[in-house]
Amino acid sequence: MNAPHSGPAPLAPLSLPIEGMTCASCVKRVEKALARVPGVRDVAVNLATERAMVHLEGGQAVDLSALTAAVTQAGYAVPERTTELAVEGMTCASCVGRVERALRKVPGVSEASVNLATERATVRGVAPSDALIAAIARAGYEARTLAPEGDHAEASARKDAERVALQRDLLVATALALPVFLLEMGSHLIPGVHHWIAAHIGVQNSWYLQFVLTTLVMALPGRRFYVHGIPALWRLAPDMNSLVAVGTTAAYAYSLVATFAPGMLPTGTVNVYYEAAAVIVALILLGRFLEARAKGRTSQAIQRLVGLQAKVAHVVRDGREVDVPITGVKAGDTVAVRPGERVPVDGELVEGHSFVDESMVTGEPIPVEKTAGSAVVGGTVNQQGAFMLRATAVGGQTVLAQIIRLVEQAQGSKLPIQAVVDKVTLWFVPAVMAAALLTFVLWLVWGPSPSLSYALVNAVAVLIIACPCAMGLATPTSIMVGTGRGAEMGVLFRKGEALQLLKDARVVAVDKTGTLTEGRPSLTDLEVAPGFDEAHVLRLIAAVEARSEHPIARAIVQAAEARGLALPSLDAFESVTGMGVRATVAGARVEVGADRYMRSLGLPVEVFADTAERLGNEGKSPLYAAVDGQLAAIVAVADPIKPSTPAAIAALHALGLKVAMITGDNARTARAIAARLGIDEVVAEVLPEGKVATLQRLKSTHGRVAFVGDGINDAPALAEADVGLAIGTGTDVAMEAADVVLMSGHLQGVPNAIALSRATLGNIRQNLFWAFAYNTALIPVAAGLLYPAYGVLLSPVFAAGAMALSSVFVLGNALRLRRFQPPLAAA
């Protein structure tokens, strides 16, 4: 430890997580490494908590990257973590850019992404949360950390309170602004109103009344714009609130002078614009209220998923059922599920029988039969039966919790297209203020009389029309609605950028086993010779194969059990090397094996020649069975194609995509399946690294490639593809190598995901076109470009209405994605 240091007061210590320490010598090594960094006064490393407290010299600032580098050079690691923050006060795209810049300046932040629609910031790095919150506060916004599982109830309550407050302010602003609008605009539009006001109220008294009402509008419901907008101006970081504040204050201040000190204004310019200030506040509050309502609908997918979680579980404790909150269920607990109830947690049936509606996980509406040993997923709906389950996953480990987490991650992410938007919007508000100032100067110098009035009105119109709310909402709202709709269809986008990349795919490469096929062998063909009964022969064959654990043998036994056939007793079992097996079953001699085994027994397999040829063309290897020295049957076991696969391949072709199959299976079987399904290209007998090489070749030949696999043994290929899609099973959501998880376990999710990707990106392009084209086109109109030729000027009131309409249009367009219909409905 260093000696006490005199001088400036030391800064608050930095807390740094350290990985890799195992003993006291590690602690000393890390302390020495950190102490050598310039600006560090004192270091204390704790092995138990695996953290280093770094005290800095007073007045010194130390880059966290230097501390991280010192720890790394000493042979240890400073792990990065992801921090989720809720950010309040953002209103437009420039706010997003400002918060991101503030976060990226914090030492130790490697990546920061802010989403206007979800009002969240995702920060990656080693910076502590309080430093991030302080940086956001300095930028003029409020932030707080989110719990790892999110605080959906609190967030929903806060959003509801915000909507109620906006509705209240809107009603107050409307009630106060309406008389102002009628008094002033009525006088301009209807000559009789002007005379009536002059005769009964008096023009000056009318202005006094407008002053009082407008002051109330700005001081009460409009206060939010000035509280946030004016400080942002002082920080030289203007936002949408600043535009509204400057525009309305300019109109109000001018009217104030005209009302109480008209001698200060040039002759002919004594007019009031109270109605502009009051009605602009009311209209922008209307836009904010409609935005808040629409934003609530964009996040309904998450809300519905959260609503699927049961609140109470019937847990068996000390031999009796006790109702406990869902948070009180522990792994290993026995839980009772009654008819019609939601399954509270993930588990395995230990008693009972029922059918469970798993559509919330897989997107498929047909209930699934559950018996003892079956896995069930929390949040699914039990039908008529009752059962007991043993809890296998609770809390944040359940499938539903993982789904919610994945959807939230996707909704909070940014697409590559957003980078262009961010660059533009970062400078948009300052550019608008410059344009408004230029408009004011041009009209003041060259405008018709009264030029000051024209200059003021047109400058205010420019400020109001150009608020970039729609720009900030264009992309994130579409992502929110698109990924939410995907979750409802059983398509989970783990990464938001997969939405953009998937639409550009030219080739869909698929694994065979478990993707195109069921992934487990089953009895597909059984044909008996004349004089033999099919059920009797199957019983005898299954009895012989019951001695074997080979997958083919298990498939035959399962087929017999599925038909309800009781297997007879077996004697004198013998395996004939390279040929097959023989045994005595219920007094009959039974031999099962390949064609060469039958020929060695002197039995003519040519009886089944046609069937054998068909099976060979289908890529199946036939087996033969003899009973008491007579050829009795030909049998084929294969991995059957999933019923949904042919339609899925056809749908991919209809979307204009090539389909390639990459498999480790033998070439003959692969080609047979490809021929049946109409697959364009086959690559067979390849190891995992061979799949990666094949994907690289497909990319260089065709362009972007999407790969579909089962998410476990296909991890290298899923990572190599431009977009990896994992066929999920509904019980293992967190497949780290995949960009998209298809919960249904069927290939039909692939065309659905691609179609949704195209629809979402199309929606984003529409939103961005509207937002940018709208602002680009209307700023010159607001500035008075049409006045010299057509005498047309845009009133600030109409500018405010049009600005609010722009944001509402973008949100309404994004909400259309909720009605997206997939090419393939759930089977």
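What you are looking at is a predicted structure, and each value in this text was computed from that prediction instead of being measured. (Residues numbered from 1 in each chain as written. Predicted model: local features only at pLDDT ≥ 70, side-chain atom pairs only at ≥ 80, totals over all residues. Heavy atoms only, no water.)

**Some details on the overall build of the chain**
And then number 1: On a plain count of helices and strands, the chain comes out with 30 helices and 29 strands.
And then number 2: Within the chain, the fraction of its 827 residues that count as buried is 52%.
And then number 3: The contacts in the chain between residues at least 6 apart in sequence include a share of 69% that link residues at least 24 apart.
And then number 4: When the accessible surface of the chain is split by element, carbon and sulfur atoms take 59% of a total near 35500 Å². (Helix = DSSP H or I, 4+ residues; strand = E, 2+ residues; numbered from the N terminus. Buried < 20%, exposed > 50% of the residue type's maximum accessible area, 1.4 Å probe, protein only. Contact = heavy atoms within 4.5 Å. Areas by Shrake-Rupley, 256 points an atom, 1.4 Å probe, with all protein chains shown as cover.)

**Comments concerning the packing of aromatic side chains**
And then number 1: Following the criterion strictly, the structure yields eleven aromatic pairs and no others.
And then number 2: Ring centres 5.4 Å apart and planes at 65° place the aromatic pair W443 and Y787 in the edge-to-face group. Linking W443 in helix α15 (residues 428–446) with Y787 in helix α29 (residues 787–790), this pair joins segments that are 344 residues apart in sequence.
And then number 3: According to the relative accessible area criterion, W443 is buried, its value standing at 9%.
And then number 4: Residue classification places Y787 among the partly exposed positions, given a relative accessible area of 25%.
And then number 5: The rings of Y208, F211, Y252, F260 and Y274 are connected pair by pair, giving a single aromatic cluster. (Phe/Tyr/Trp six-rings, centres within 6.5 Å; stacked < 30°, edge-to-face > 60°.)

**A few points about the packing of helix α16 (residues 451–465) against helix α28 (residues 749–783)**
And then number 1: Where α16 meets α28, the closest approach of the two axes is 8 Å, and the angle between their N-to-C directions is 170°. As far as their axial angle goes, α28 and α16 are roughly antiparallel. Here N458, A461, V462 and I465 of α16 come into contact with α28, specifically with Y774, N775, L778, I779, A782 and A783.
And then number 2: Grouping the amino acids of the contact of α16 with α28 by side-chain chemistry returns eight nonpolar, two polar and no charged. (Axes fitted to C-alpha atoms, helices over the stretch in contact; angles between N-to-C directions. Parallel < 35°, antiparallel > 145°, perpendicular 65-115°, else oblique. Nonpolar A, V, L, I, M, F, W, Y, C, P; charged D, E, K, R; others polar.)

**As for the nonpolar core**
And then number 1: In this structure, M90, L103, I284, F493 and L725 are the most contacted members of the largest nonpolar core, which totals 140 residues.
And then number 2: Filtering out sequence-adjacent residues up to four positions away, F493 remains in contact with L406, A410, T483, A498, L499, L502, D739, V740, A753 and L756. (Core = buried A, V, L, I, M, F, W, Y, C linked by side-chain atoms within 4.5 Å.)

**A closer look at the sheet that holds strand β2 (residues 40–46)**
And then number 1: Taken together, three strands build an open sheet; the order of strands is β1-β3-β2 and the sheet is antiparallel. Among the strands making up the open sheet, the edge pair consists of β1 (14–17) and β2. This sheet shows a mean twist of 20° between the axes of neighbouring strands, independent of strand direction.
And then number 2: Note: β2 against strand β3 (residues 51–56), six bridges, orientation antiparallel. Bridging from a neighbouring strand, N46 pairs with R51 of β3.
And then number 3: Contacts between helix α2 (residues 64–73) and the sheet are confined to β1, β2 and β3, with β1 contributing the most and set at about 40° to the helix. (Pairing = 2+ DSSP bridges.)

**Some remarks on the UniProt feature "transmembrane region" (unreviewed entry) in the chain**
And then number 1: When the UniProt feature table is mapped onto this chain numbering, "transmembrane region" (unreviewed entry) sits at residues 170–190, 196–220, 241–260, 272–290, 424–446, 452–475, 768–787 and 793–815.
And then number 2: Here residues 272–290 runs as 89% helix and 0% strand, with 30 Å between its end C-alpha atoms.
And then number 3: Secondary structure over residues 768–787 splits into 85% helix and 0% strand, and the C-alpha atoms at its two ends are 28 Å apart. (UniProt positions renumbered as here; feature names shortened; annotations may be inferred.)

**With respect to helix α17 (residues 469–488)**
Residues lying three or four places apart along an α-helix face the same way, a consequence of the helix completing one turn every 3.6 residues.
And then number 1: Its 20 residues give α17 an end-to-end C-alpha distance of 28 Å, which sits within 8% of 28 Å, the value for a rise of 1.5 Å per residue.
And then number 2: A bend of about 30° at T475 is the largest found in α17, and the proline P476 appears one to four places after it.
And then number 3: Within α17, 19 of the 20 residues are buried, which leaves it mostly tucked inside the rest of the structure. (Expected span 1.5 Å × (residues − 1). Bend = angle between axes of the 7 residues up to and from the residue.)

**What about the side chain of K370?**
And then number 1: Take K370: it is sitting in strand β13 (residues 368–370).
And then number 2: A polar side-chain atom of K370 sits 2.8 Å from a polar atom in the side chain of E358.
And then number 3: In terms of polar contacts, K370 uses its side chain to reach the backbone carbonyl oxygen of A375, at 2.8 Å.
And then number 4: Contacts of K370, omitting those with residues within four sequence positions, involve L349, G352, H353, S354, V356, E358, A375 and V376. (Polar contact = N/O pair within 3.5 Å; in protein donor to acceptor, adjacent residues only side chain to side chain.)

**Section: the pairing of strand β9 (residues 320–325)**
And then number 1: Of the strand pairs in this sheet, strand β8 (residues 312–317) and β9 are connected by six bridges, and their pairing is antiparallel. When the sheet's bridge partners are listed, H314 is paired in β9 with D323.
And then number 2: Between β8 and β9, which pair antiparallel and follow one another directly, the connecting turn spans two residues, one of which, D318, has a positive phi of 55°.

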